[in-house]
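Report on the structure
Each chain, written out:
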Amino acid sequence: MAGAGPCVFCQIASSSTSTQLLHSDEKVVAFQDINPSAFKHYLVIPVEHISTVKDLQRRMADYQLVSHLLDVGQTLLHRDAPDSKQYRIEETKVEEVPMDSSGFGFHQPPFNSVNHLHLHCLALPFIPSSQDREQMEMYKIHVSRTLRWIHQGREVAKEDKSISI
């Protein structure tokens, strides 16, 4: 990020800020979003700088990283918001569903606020003063979609021995 100064999420990942970490390991760190839009709103980021979800590749290492981001986020929300319910809106029907990956996603560039890959982990309900859910969903890439895209690339690579995964 020449000329832009150091990445704030890289600083958080290296413990160079006063941000309280909820989780830290050799691959990822997690912390609270400074502008929460839900009852619990955490960000899980890779320690290694990856600019956006569009910089992920169809390789095993990226599949494992995204899976680990999701596992950490789910663990934190199950620990900190065990009674939280999520709601899936389908047309005019609102249906209560158990907590699953529907509250986890990445912003699509150019709608990401920080150019460092970060998984939003949301335990509903949304905070009323936050952005409208539909608007937020328009700019988000669901984590399951990202995992599916990486996995499909791995399946193609298995069939084509000239591609290394």
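Our structure's up above, just so we're on the same page.
Residues numbered from 1 in each chain as written. Predicted model: local features only at pLDDT ≥ 70, side-chain atom pairs only at ≥ 80, totals over all residues. Heavy atoms only, no water.

Overview of the nonpolar core
Grouped together as the largest cluster of nonpolar side chains are 26 residues, with contacts concentrated most on Val44, Leu69, Phe106, Leu119 and Val143. Elements represented by at least two residues in this core include exactly strand S2 (28-32), strand S3 (38-46), helix H2 (60-80), strand S6 (104-107), strand S7 (119-126) and helix H4 (143-159). Counting residues per element, this core draws most heavily on H2, which supplies seven residues. For Leu69, the contacting residues outside a window of four places in its chain are Val28, Val44, Ile45, Pro46, Phe106, Leu117 and Leu119. (Core = buried A, V, L, I, M, F, W, Y, C linked by side-chain atoms within 4.5 Å. Buried < 20%, exposed > 50% of the residue type's maximum accessible area, 1.4 Å probe, protein only. Helix = DSSP H or I, 4+ residues; strand = E, 2+ residues; numbered from the N terminus. Contact = heavy atoms within 4.5 Å.)

Describing unusual backbone geometry
Following Pro109, the chain continues to Pro110 via a peptide bond in cis, the omega torsion being 10°. Position of Pro110 relative to the elements: it lies in the loop between S6 and S7. Backbone geometry places Ser15, a non-glycine residue, at a positive phi of 60°. Tracing the chain through its elements places Ser15 in the loop between helix H1 (8-13) and strand S1 (23-24).

Some remarks on the packing of aromatic side chains
Counted by the stated rule, this structure contains one aromatic pair. The ring of Phe39 carries the charged tip of Lys40 above its face, separated from the ring centre by 5.5 Å. (Phe/Tyr/Trp six-rings, centres within 6.5 Å; stacked < 30°, edge-to-face > 60°. Lys NZ or Arg CZ within 6 Å of the ring centre and 35° of its normal.)

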